[in-house]
Amino acid sequence: TGGFPLSMNSLSGTTTTWTDKKVSIIELIYALHTSRCINNGTTDIRELSAFFSKIFNIELGDIYRTYVEIKGRNNPTQFLDTLKTNLSKKIHDDLE
């Protein structure tokens, strides 16, 4: 296993829920996996998606199929771009 610091069992009963589109969380998972920023990249994409599914109470389904759909979009990183834009705006607003 990837050795997550949180036990998957300790997450049962959590009320934190992903409220954006399913494709958005899958885009985020693939970005984190590709960037190797969790467990130095040693965590399998399936294990990572199971972890996110558990923490955010969302059934992700076939993440590979969704990834193929993401690759076929005009802007494959639209959710990540939105995150960047929103954070940049918040930082800018906080500095004013």
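Check the entry above for the structure.
Here's a quick rundown of the structure. (Residues numbered from 1 in each chain as written. Predicted model: local features only at pLDDT ≥ 70, side-chain atom pairs only at ≥ 80, totals over all residues. Heavy atoms only, no water.)

### Some details on the nonpolar core
If you look at the biggest cluster of nonpolar residues, it comprises 16 residues, and the most contacted ones within it are W18, I25, I26, I29, F52, L60 and I63. Within the residue set of this core, elements represented by two or more residues are helix 1 (22–34), helix 2 (45–55) and helix 3 (63–71). Setting aside anything within four residues of it in sequence, one finds I63 in contact with I26, Y30, I45 and S49. (Core = buried A, V, L, I, M, F, W, Y, C linked by side-chain atoms within 4.5 Å. Buried < 20%, exposed > 50% of the residue type's maximum accessible area, 1.4 Å probe, protein only. Helix = DSSP H or I, 4+ residues; strand = E, 2+ residues; numbered from the N terminus. Contact = heavy atoms within 4.5 Å.)

### Re the pattern of salt bridges
Scanning the model with the defined rule gives 5 salt bridges in all. E69 is paired through a salt bridge with R65; the nearest N and O atoms lie 3.8 Å apart. Residue E69 and its partner R65 are located together in helix 3, separated by 4 residues, close to a single helical turn. Among the residues examined, E69 registers a relative accessible area of 46% and is labelled partly exposed. (Salt bridge = Lys/Arg side-chain N within 4 Å of Asp/Glu carboxyl O.)

### Considerations on the packing of aromatic side chains
Overall, the coordinates contain 5 aromatic pairs when judged by the stated rule. Between the aromatic rings of Y30 and Y67, the centroid separation amounts to 4.1 Å while the plane-to-plane angle is 10°, which identifies the pairing as stacked. One end of the pair, Y30, is in helix 1; the other, Y67, is in helix 3, and 37 residues separate them in sequence. Judged by its relative accessible area of 31%, Y67 is partly exposed. With a centroid separation of 6.0 Å and an interplanar angle of 40°, the aromatic rings of F52 and F56 are classed as tilted. (Phe/Tyr/Trp six-rings, centres within 6.5 Å; stacked < 30°, edge-to-face > 60°.)

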